[in-house]
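Chains, contacts and geometry: an overview
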Amino acid sequence: MALDLEKWRDVADANGGLDLTTMKPSEAGTLVTALRYTAERELPRLADTDPASEDGSYRIGLLKLLEVT
């Protein structure tokens, strides 16, 4: 993730989520692109993960991210 977007990761961590409408549209677009790239890269590794495990929850979250973006 670009260094200038790391602050938004901290905001999301602190607040349990992030409202992209609070960001400049260009920053929001760049962040969504970075998050999608990460999700697409991580999903193959998690393909056979038990849905009830911590990694399974992470996989479900990544799939939802890709679905809504």
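It should be emphasised that the depicted structure is a prediction, and the values quoted were computed from it without experimental measurement. (Residues numbered from 1 in each chain as written. Predicted model: local features only at pLDDT ≥ 70, side-chain atom pairs only at ≥ 80, totals over all residues. Heavy atoms only, no water.)

Quick notes on helix α3 (residues 54-68)
Its 15 residues place the ends of α3 21 Å apart at the C-alpha level, agreeing with the 21 Å of an ideal helix rising 1.5 Å per residue. Among the residues of α3, Gly56, Leu62 and Leu66 are the ones counted as buried. All buried residues of α3 lie within an arc of 120° about the axis, which places them on one face of the element. Summarising the geometry of α3, the exposed residues directed more than 90 degrees from the buried face are Glu54, Lys64, Glu67 and Val68. (Helix = DSSP H or I, 4+ residues; strand = E, 2+ residues; numbered from the N terminus. Expected span 1.5 Å × (residues − 1). Buried < 20%, exposed > 50% of the residue type's maximum accessible area, 1.4 Å probe, protein only. Arc of directions from axis to C-beta.)

Describing the confidence of the model for the protein
Per-residue confidence for the protein gives a mean pLDDT of 88, with 99% of residues at or over 70. For the protein, per-element mean pLDDT is lowest for helix α1 (residues 6-15), which scores 80, and highest for α3, which scores 93. (pLDDT = per-residue confidence, 0-100.)

Looking at the environment of Thr22
Along the chain, the position of Thr22 falls in the loop between α1 and α2 (25-42). From its side chain, Thr22 meets the backbone oxygen of Asp19 in a polar contact 2.7 Å long. (Polar contact = N/O pair within 3.5 Å; in protein donor to acceptor, adjacent residues only side chain to side chain.)

Observations regarding the pattern of salt bridges
Counted under the stated rule, the structure contains three salt bridges. Note that Lys7 is salt-bridged to Glu27, the shortest N-O span being 4.0 Å. A residue pair is termed long-range when its members are at least 10 positions apart, and Lys7 in helix α1 and Glu27 in helix α2 qualify at 20 residues. By relative accessible area, Lys7 is classed as partly exposed at 43%. (Salt bridge = Lys/Arg side-chain N within 4 Å of Asp/Glu carboxyl O.)

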